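# Summary of the model geometry
Now for the letters of each chain:
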Amino acid sequence: MAFSSFLFFFLSFLVFTGSASSIANDPIRTFIVHVQHDAKPSIFPTHENWYESALTSLSADTHSLEIGEGAANYRIIHTYSNVFHGFSAKLSTLDAQKLEDLTGILAVIPEQVRHIQTTRSPEFLGLTSTDSAGLLKESDYGSDLVIGVIDTGIWPERKSFDDRDLSPVPAKWKGECMAGRDFPATSCNRKLIGARYFSSGYEATNGKMNETIEFRSPRDSDGHGTHTASIAAGRYVFPASVLGYARGVAAGMAPKARLAAYKVCWASGCYDADILAAFDAAVADGVHVISLSVGGVVVPYNLDAIAIAAFAATDAGIFVSASAGNGGPGGLTVTNVAPWVTNVGAGTIDRDFPADVKLGNGRIIPGVSIYGGPALAPHRLYPLIYAGSEGSDGYSSSLCLEGSLNPNYVQGKIVLCDRGVNSRAAKGLVVKKAGGMGMIIANGVFDGEGLVADCHVLPATAVGASAGDEIRKYISEASKSKSPPTATILFRGTRLNVRPAPVVASFSARGPNPETPEILKPDVIAPGLNILAAWPDDVGPSGLPWDTRRTEFNILSGTSMACPHVSGLGALLKAAHPGWSPAAIRSALMTTAYTVDNRGEIMLDESTGNSSTVMDFGAGHVHPQKAMDPGLIYDLTSYDYVDFLCNSNYTTKNIQVVTRKYSDCSKAKRAGHVGNLNYPSLSAVFQQYGKHKLSTHFIRTVTNVGDPNSVYNVIVKPPRGMVVTVEPEKLAFRRVGQKHNFLVRVQAEAIKLSPGSSIVKSGSIIWSDGKHEVRSPLVVTMQEPL
């Protein structure tokens, strides 16, 4: 039966069948409908006419009408034609299931809601404009590259987005400057060359937006998008600071790169339907890099709208960089894990903002803060209380939640609040409203010792978990003595050249990769703690509606800040090497990354103070100057990813959903296993099952992008207790662009493990020609199944 006839039959069938009561209870939600691009019946002039016809017929279903919204249930939210063919619409679960069974429909995917993951970093990364050579000069600061930032929009008037001395907009640019509330089409210039907003998905779920608090335009009412855009490609701005802190020159990674802002995040989150529409537009517009500081749950790639859209972008030659997520320091927390996406965790830089607590017993406890208002009186100690023992109920008051503090207890005192539930800055506002003089925020056990500097609305500082325990103990003991507990906060301004740095940020999401443990994620880390960047005019630095302070720059932390560092570096590398694929750019960043801090020791994990591991930092911390000349690269094509999905046991249909390509998996499965994707890191997972000896192999291909007539020798650093051999041990290249294969064999002996437990061991494989060191982490996970 022809698809159009079958569709008509199916829709007619819907009208006359089904139980009214069961359908009435069937929730309506947004689905992404992925359609086979060549299945459109010829009677429809466009795909959109075809989709509308289908939904009009669905709307005529009498049972759907009983739900109360009628045809409004089945309106198209967005159509997609670049990342794939299809549309998003509100459907009942029953109708979504029936649609998925039709010929020509590849997938009907439930929408996910994602969330944002919230001036010294160029210098810390070795990107200084005074260098006579190097990545900035070689790439002309990224001048003809376009970075698409999918986020909360942009504040176009900021000096970071000034277009002085920039050449005309690149001739190949096809994007637009979409006008909207407080955002005329003239808001764009030769720097911000495109701006669009996508709100239909958000409004389909939440109803009409509240335009008293949100802009129906690309204008940023949150601050996050402005901040990330200026990290990726902000111009040089001097002087820059926030509340007197972090004074200096602010600059993005690629100061001359062009920006296109795609606003998809609104008050209640970032909806897949809108994110897909932004990707679809960005591919059509002609961006070279997509920066996505947005994340959510991990699902199979064929059900992950971001993975599907990112594949299409990568297939079009666009480098996609995404934040790893802020779920650290626990394991298995990394998101945006598709192997065609460069996944970025967060590290610290060599600058911090100390604000120490001085207790009445003379103890000085280190903390961090950004506070620029009236300070506490010098040489005076204030009464100190723990909110958890002074409020309405122990739990909500310990967290300093709205309305939980009793002003009679809090008035004139410094209040210790526990971290969690509400934002750290919001706790300060609760304390201030209750009459408190200052606040100390103490990490919980899970947060460990990782500290984030916030722009507080009252004198406040943040301390680690062990310090919080010490302060609580002091309060308890002093309360029983003749000397009641007292404290003050000593604000020490900005401190530079901090050691050790970098350190893996406590919040940075960690591996292993929950979807494919054979692909190490995160890929790399980049600066993400206490980063200074541009900020909107109508949002206070704390982000709280009550905060009337205004500042041109702000300091934020998160893998959201790390991601645009790598997006900007991706633009510089693409400008310096126009022929490089997205995989080549990622390979250069990974194989040149470093794992030691500025003391020459393995980077620390901020949450514990112990050495960090490959599960925390992936290949290591990005090193831009070395990435420009990596020597060898591990390249990948879209067909390699198809083989990877075959070996991951995805069905032919599911692979087509992700890649839009028909796949014959028989050859891929004969050729290897899931770990044989030509990735710059190597990860083996051994299920012991009572076996004594375990072994696997990896096949890799490297391409010479260094010098002709170069010879690379292998240096193997095996994981402890394992035997690793590489064949051949020497690779001789006669010309640039030449490829060589090598085989890595890993042999291990079983380890005594309790059922359900695992152990991770790591080493590395380095190819060196005396000038370049091409380093790949080698990770082996031993598991004892339940």
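For the structure given in this document, a descriptive report is provided here. (Residues numbered from 1 in each chain as written. Predicted model: local features only at pLDDT ≥ 70, side-chain atom pairs only at ≥ 80, totals over all residues. Heavy atoms only, no water.)

Taken in spatial order, the five strands of this open sheet run S30-S37-S36-S32-S34, and their pairing is mixed. Both outer strands of the open sheet, strand S30 (682–687) and strand S34 (730–733), are each paired with one neighbouring strand and no more. Mean inter-strand twist for the sheet, computed between neighbouring axes without regard to direction, equals 20°. Relative to strand S36 (residues 758–768), strand S32 (residues 710–717) is paired through five bridges, and the arrangement is antiparallel. (Pairing = 2+ DSSP bridges. Helix = DSSP H or I, 4+ residues; strand = E, 2+ residues; numbered from the N terminus. Axes fitted to C-alpha atoms, helices over the stretch in contact; angles between N-to-C directions.)

What follows concerns the sheet that holds strand S29 (residues 632–633). In space, the four strands of this open sheet follow the order S29-S31-S35-S33, with antiparallel pairing throughout. Every other strand in the sheet has two partners, leaving S29 and strand S33 (723–727) as the edge strands with one partner each. Across five bridges, the pairing between S33 and strand S35 (residues 739–749) is antiparallel. Opposite Val726, over in S35, you have Val744 as the bridge partner.

Following the criterion strictly, the structure yields 17 aromatic pairs and no others. An aromatic cluster is defined as three or more aromatic residues linked by ring pairs; in this entry it consists of Tyr301, Phe311, Trp340, Tyr641, Phe644 and Tyr650. The residue whose ring lies beneath Arg219 is Trp155, and the NZ or CZ to ring-centre distance is 4.4 Å. Sitting above the plane of the Tyr639 ring, Lys661 keeps its charged end 5.6 Å from the centroid. (Phe/Tyr/Trp six-rings, centres within 6.5 Å; stacked < 30°, edge-to-face > 60°. Lys NZ or Arg CZ within 6 Å of the ring centre and 35° of its normal.)

Here we take up the pattern of salt bridges. With the rule as written, the count across this model stands at 32 salt bridges. Two residues, Lys433 and Glu402, come together in a salt bridge whose shortest N-O distance is 3.7 Å. Note that Lys433 is positioned in helix H14 (residues 424–433) and Glu402 in the loop between helix H12 (394–398) and helix H13 (407–410), a separation of 31 residues in sequence. Residue Glu402 is classed as exposed on the basis of its relative accessible area, which comes to 60%. Residues Lys771 and Asp629 are paired through a salt bridge, measuring 3.9 Å at the closest nitrogen-oxygen approach. Within this pair, whereas Lys771 is found in the loop between S36 and strand S37 (773–783), its partner Asp629 is found in the loop between helix H19 (624–627) and S29, the two being separated by 142 residues in sequence. The class for Lys771 is exposed, based on a relative accessible area of 55%. Classification of Asp629 as partly exposed rests on a relative accessible area of 31%. (Salt bridge = Lys/Arg side-chain N within 4 Å of Asp/Glu carboxyl O. Buried < 20%, exposed > 50% of the residue type's maximum accessible area, 1.4 Å probe, protein only.)

With ten of ten residues buried, helix H9 (residues 224–233) lies mostly within the body of the structure. Considered for burial, the residues of H9 that qualify are His224, Gly225, Thr226, His227, Thr228, Ala229, Ser230, Ile231, Ala232 and Ala233. For H9, the elements touching its buried residues are strand S5 (113–116), strand S6 (146–151), strand S10 (258–263), strand S27 (531–534), strand S28 (553–556) and helix H16 (559–576). (Contact = heavy atoms within 4.5 Å.)

Judged by nonpolar contacts, the single largest core of 117 residues is most densely connected at Tyr262, Phe279, Tyr301 and Trp340. Val724, Ile765, Val774 and Val780 belong to the second-largest nonpolar core, a separate cluster that totals 26 residues. (Core = buried A, V, L, I, M, F, W, Y, C linked by side-chain atoms within 4.5 Å.)

Because each turn of an α-helix spans 3.6 residues, side chains separated by three or four positions in sequence point in the same direction. Of all eleven residues making up helix H11 (residues 305–315), ten are buried, and the element is well covered by its neighbours. Along H11, the residues that are buried comprise Ala305, Ile306, Ala307, Ile308, Ala309, Ala310, Phe311, Ala312, Ala313 and Thr314. Between a side-chain oxygen at the N-terminus of H11 and the backbone nitrogen of Ile306 the separation is 3.0 Å; the capping residue is Asp304. A positive backbone phi angle near 90° is found at Gly317, which sits one or two residues after H11. (Polar contact = N/O pair within 3.5 Å; in protein donor to acceptor, adjacent residues only side chain to side chain.)

We now examine the packing of H9 against H16. Running from N to C, H9 and H16 point in directions that differ by 35°, and their axes come no closer than 7 Å. Considering only the axes of H9 and H16, their crossing is right-handed. Residues His224, His227, Thr228, Ile231 and Ala232 of H9 lie in contact with H16, whose contacting residues are Ser560, Met561, Pro564, His565 and Gly568. The residue inventory of the contact of H9 with H16, partitioned by class, reads four nonpolar, six polar and no charged. (Left-handed = near helix turned anticlockwise from the far one by under 90°. Nonpolar A, V, L, I, M, F, W, Y, C, P; charged D, E, K, R; others polar.)

Attention now goes to the state of the cysteines. Here a disulfide denotes a covalent bond joining the sulfur atom of one cysteine to the sulfur atom of another. Throughout the structure, instances matching the rule amount to four disulfides. The disulfide bridge from Cys177 ends at Cys188, spanning 2.0 Å between sulfur atoms. Here Cys177 and Cys188 share a disulfide; its torsion about the S-S bond, 85°, makes the bridge right-handed. With Cys177 in the loop between S6 and strand S7 (192–197) and Cys188 in the loop between S6 and S7, this pair connects stretches of sequence that are eleven residues apart. Cys188 carries the same exposure label as Cys177, and that label is buried. Across a sulfur-sulfur distance of 2.0 Å, Cys646 and Cys665 are joined as a disulfide pair. In this structure the cystine formed by Cys646 and Cys665 twists about its S-S bond by roughly -75°; its chirality is therefore left-handed. With a gap of 19 residues between them, Cys646 in helix H20 (residues 638–647) and Cys665 in helix H22 (residues 665–671) connect regions that are remote in the sequence. (Disulfide = S-S within 2.5 Å.)

Next up on the list: the side chain of Asp356. Residue placement: Asp356 occurs in strand S18 (residues 355–359). Looking at Asp356, the relative accessible area reads 10%, which means it is buried. Side-chain polar atoms of Asp356 contact the side chain of Arg492, separated by 2.7 Å. Apart from residues lying up to four places away in sequence, Asp356 is in contact with Ile364, Ile365, Pro366, Gly367, Thr488, Ile489, Leu490 and Arg492.

This part takes up the pairing of strand S2 (residues 76–80). The buried fraction of S2 is high, at four of five residues. In this sheet, strand S3 (residues 86–92) lies alongside S2 in antiparallel orientation, the contact comprising four bridges. Residue His78 lies in a different strand from S3, and its bridge partner there is Ser88. The loop that links S2 with its antiparallel partner S3 comprises five residues.

This part is about the packing of helix H10 (residues 272–285) against H11. Axis angle and axis distance: for two packed helices, these are the angle between their axes and the distance between the axes, and together they describe the pair. Contact geometry for H10 and H11: axes closest at 10 Å, N-to-C directions at 5°. In terms of orientation, H10 and H11 fall into the roughly parallel class. Judged by residue contacts, Asp272, Ile275, Leu276, Phe279 and Val283 of H10 engage Ala305, Ile306, Ala309, Ala310 and Ala313 from H11. Counted by class, the contact of H10 with H11 contains nine nonpolar, no polar and one charged residues. (Parallel < 35°, antiparallel > 145°, perpendicular 65-115°, else oblique.)

Counting buried residues along S6, six of its six residues qualify, which places the element largely inside the surrounding structure. Of the two faces of S6, both are covered, the one formed by Val146, Gly148 and Ile150 as well as the one formed by Ile147, Val149 and Asp151. In this sheet, S10 lies alongside S6 in parallel orientation, the contact comprising six bridges. Each bridged residue has a counterpart across the sheet, and for Val149 the counterpart in S10 is Ala261. Relative to strand S13 (residues 289–292), S6 runs parallel, the two sharing four bridges. Within S13, the residue paired with Ile147 across the bridge is Val289.

Another point: the side chain of Gln117. Mapped onto the elements of the fold, Gln117 is located in the loop between S5 and helix H6 (121–124). Among the polar contacts made by the side chain of Gln117, one reaches the side chain of Ser323 at a distance of 2.4 Å.

What follows is about a nonpolar patch on the surface. Judged by side-chain polarity, Tyr236, Phe238 and Val249 come together as a nonpolar surface patch covering roughly 300 Å² of accessible area. Judged by its relative accessible area of 64%, Phe238 falls in the exposed class. (Patch = residues over 30% accessible without salt bridge, like charges linked within 9 Å, V, L, I, M, F, W, Y side chains within 5 Å. Areas by Shrake-Rupley, 256 points an atom, 1.4 Å probe, with all protein chains shown as cover.)

Looking at the secondary structure, you find Ser293 in the loop between S13 and strand S14 (294–295). Separated by 271 residues in sequence, Ser293 and Pro564 have C-alpha atoms that sit 7.6 Å apart. Ser293 has contacts with His115, Ile116, Gln117, Ile150, Asp151, His224, Thr228, Ser323, Ser560, Cys563 and Pro564, leaving out every residue within four places of it along the chain. Within the local environment of Ser293, its side chain forms a polar contact with the backbone oxygen of Ser560, the two atoms lying 2.8 Å apart.

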